[in-house]
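Chain and residue survey
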Amino acid sequence: MSFRILGTGSALPQCVKTNDDLAQILDTSDQWIRTRTGICRRHVMTTETVTDLAAEASRKALEQAGIVPEELGWILCPTVGGDYITPGLSATLQAALGAHCPAMDINAACSGFLFALDAAEGIFARKKARYVLIAAAEGLSRIMDWEDRSTCVLFGDGAGAVVLGEGESLLSLHLETKGCPEPLHGCFPGGNSPWLSVKPENHFVHMDGQEVYKFAVSTICSGIETILQETGVSPEEIRHVILHQANLRIIDAARKKLPIPGDRYRLCIQETGNLSAASIPVLLDFCRRDQLLKPGDLMILCGFGAGFTSGTALVRWEP
Amino acid sequence: MTDLERLEKIICEYKELEPGTLTPETTFQELELDSLDLVDMTMACEDEFGVSIELDDNLKTIADLLDLIRKD
Ligand SMILES: CC(C)(COP(=O)(O)OP(=O)(O)OC[C@H]1O[C@@H](n2cnc3c(N)ncnc32)[C@H](O)[C@@H]1OP(=O)(O)O)[C@@H](O)C(=O)NCCC(=O)NCCS
């Protein structure tokens, strides 16, 4: 017993910033950002909260699934952080939706959605819920250094959600963590403890872009190759490849190396930038909205990010 | 095949160039390869030569890349 995806939803903040907008406040250009990342614009929070975005995405997914919040048995929120350090996004989202079930956050950085799918599979296997909501939401603009052009141009804010019910759609799932914080991390904000003798780094995201790039390309390729080998599914049978949208160049490099036909790779990075844990469910929702997903279609979902973490899943679309 | 030939093969395949169009002095700038292309290329070299390559700012020509491969 695994699960079936019954509904999807997404939400992006109102405010859109183009590359040219960023060039007004940073020493950068549309040309540089487009050619190095594929990103054209991203949505950033102004008055919205992360909870608002998660709730909007969740309501759309619930509506499509034909489920009301009271029927949810679990809420899982993949995120690097909601509106508070504590309580988690899952708790504030539960309140916003008016649900009553247990709810918890999962922080596996940009791979969080895959880790949540694994947790959901366990919940269904133990028959702990009839319906599980996974709502991934990020407000990364709050933890970027808007004076560091090598990181802030890459990310955006947004939320993606799926409602899962009992079913057999998850055909294979692999997760990996290789603890190695140096190349990509954000620090806890410093408090005012009189005893803390190590001064914390500022709380912005720090990144060694090329190190992360190499990790990303190699982990996508090994994750997908493992799944193809293990399941015996042929590359041509994969209808959709939904990779974490971090950089178009990462996607293109993986696309060149993998045997799956190039036209199967779905994209939203141009419009959203990197949404961390939210990017996979947001892209999945865009694909559904654009009627690209046909019943029975096989798709690969693959996320990678800080940790390092990564996760790859083979899922059948049977809403 | 010599190391240089193996390296040229990688670059030609990456850029979809006819073999024999490159010399050790060819620069990556002439080939219009940016820093992320270089990362892709070093990854291909790491696989081909079984080495681990640290990119540095002095990497300009094919001969420089060959030096990095041999340094490991
Ligand atoms: C961030 C990334 C696009 C940078 O590309 P890169 O080729 O490694 O770029 P470099 O850092 O070597 O910088 C190349 C030059 O561009 C400059 N540059 C960096 N950011 C820039 C920007 N936004 N605009 C203009 N120039 C920029 C650098 O200062 C450098 O200039 P220099 O050569 O004069 O010193 C790329 O490394 C990347 O995407 N990595 C993966 C990151 C990622 O996906 N993280 C999240 C994973 S979940």
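The rules we used
Residues numbered from 1 in each chain as written. Chains lettered and ligands numbered in written order. Predicted model: local features only at pLDDT ≥ 70, side-chain atom pairs only at ≥ 80, totals over all residues. Heavy atoms only, no water. Helix = DSSP H or I, 4+ residues; strand = E, 2+ residues; numbered from the N terminus. Rg over C-alpha atoms; globule rule 2.2 N^0.38 Å. Buried < 20%, exposed > 50% of the residue type's maximum accessible area, 1.4 Å probe, protein only. Contact = heavy atoms within 4.5 Å. Areas by Shrake-Rupley, 256 points an atom, 1.4 Å probe, with all protein chains shown as cover. Buried area = accessible area lost by both parts, 1.4 Å probe. Salt bridge = Lys/Arg side-chain N within 4 Å of Asp/Glu carboxyl O. Polar contact = N/O pair within 3.5 Å; in protein donor to acceptor, adjacent residues only side chain to side chain. Core = buried A, V, L, I, M, F, W, Y, C linked by side-chain atoms within 4.5 Å. Domains from an automatic or database assignment.

When helices and strands are tallied, chain A shows 10 helices and 13 strands. The C-alpha radius of gyration of chain A comes to 19 Å, within 12% of the 20 Å expected for a compact globule of 319 residues. Relative to its 319 residues, chain A shows a buried fraction of 56%. Sequence separation of at least 24 residues holds for 78% of the intrachain contacts in chain A that already meet a minimum separation of 6. Carbon and sulfur atoms provide 51% of the accessible area of chain A, an area that totals close to 13300 Å².

On to the interface of chain A and chain B. The interface is formed by 11 residues belonging to chain A together with 12 residues belonging to chain B. Across the chain A to chain B interface the summed buried area is about 1000 Å²; carbon plus sulfur atoms make up 49%. Taken together, chain A and chain B are joined by four salt bridges. For the interface between chain A and chain B, the tally reads six residue pairs in polar contact (both at pLDDT 80 or more). When residues of the side of chain A that touches chain B are traced back to their parent elements, those giving at least two are helix 7 (209–231) and helix 8 (248–257) of chain A. For the side of chain A that touches chain B, the element with the highest residue contribution is helix 7 of chain A, accounting for five residues.

What follows is about the nonpolar core. By size, the foremost hydrophobic cluster in this structure holds 45 residues, and its most contacted members are Ile-220, Ile-224, Ile-238, Leu-243, Ile-250, Ile-260 and Ile-300 of chain A. Secondary structure elements with two or more residues in this core: helix 7, strand 11 (238–243), helix 8 and strand 12 (298–305) of chain A together with helix 2 (35–49) of chain B. Broken down by element, this core gets its largest block of residues, 10 residues, from helix 7 of chain A. Formed jointly, this core draws a minimum of three residues from each of two domains, domain 1 (4–167) and domain 2 (171–316) of chain A.

Summed over the entire model, instances satisfying the criterion amount to 18 salt bridges over all chains. Across the salt bridge formed by Asp-83 of chain A and Arg-142 of chain A, the nearest N and O atoms sit 4.0 Å from each other. Here Asp-83 of chain A, found in the loop between strand 4 (74–78) and helix 4 (89–97), pairs with Arg-142 of chain A, found in the loop between strand 6 (131–139) and helix 6 (149–152); they are 59 residues apart in sequence, far enough to count as distant. Given a relative accessible area of 28%, Asp-83 of chain A falls into the partly exposed group. Between Arg-264 of chain A and Asp-263 of chain A there is a salt bridge, with its nearest N and O atoms 3.1 Å apart. Classification of Arg-264 of chain A by relative accessible area gives buried; the value is 12%. Classification of Asp-263 of chain A as exposed rests on a relative accessible area of 55%. It is possible to trace a salt-bridge network through shared partners that takes in Arg-36 and Arg-249 of chain A together with Asp-34 and Asp-37 of chain B.

Geometry only, nothing functional implied.
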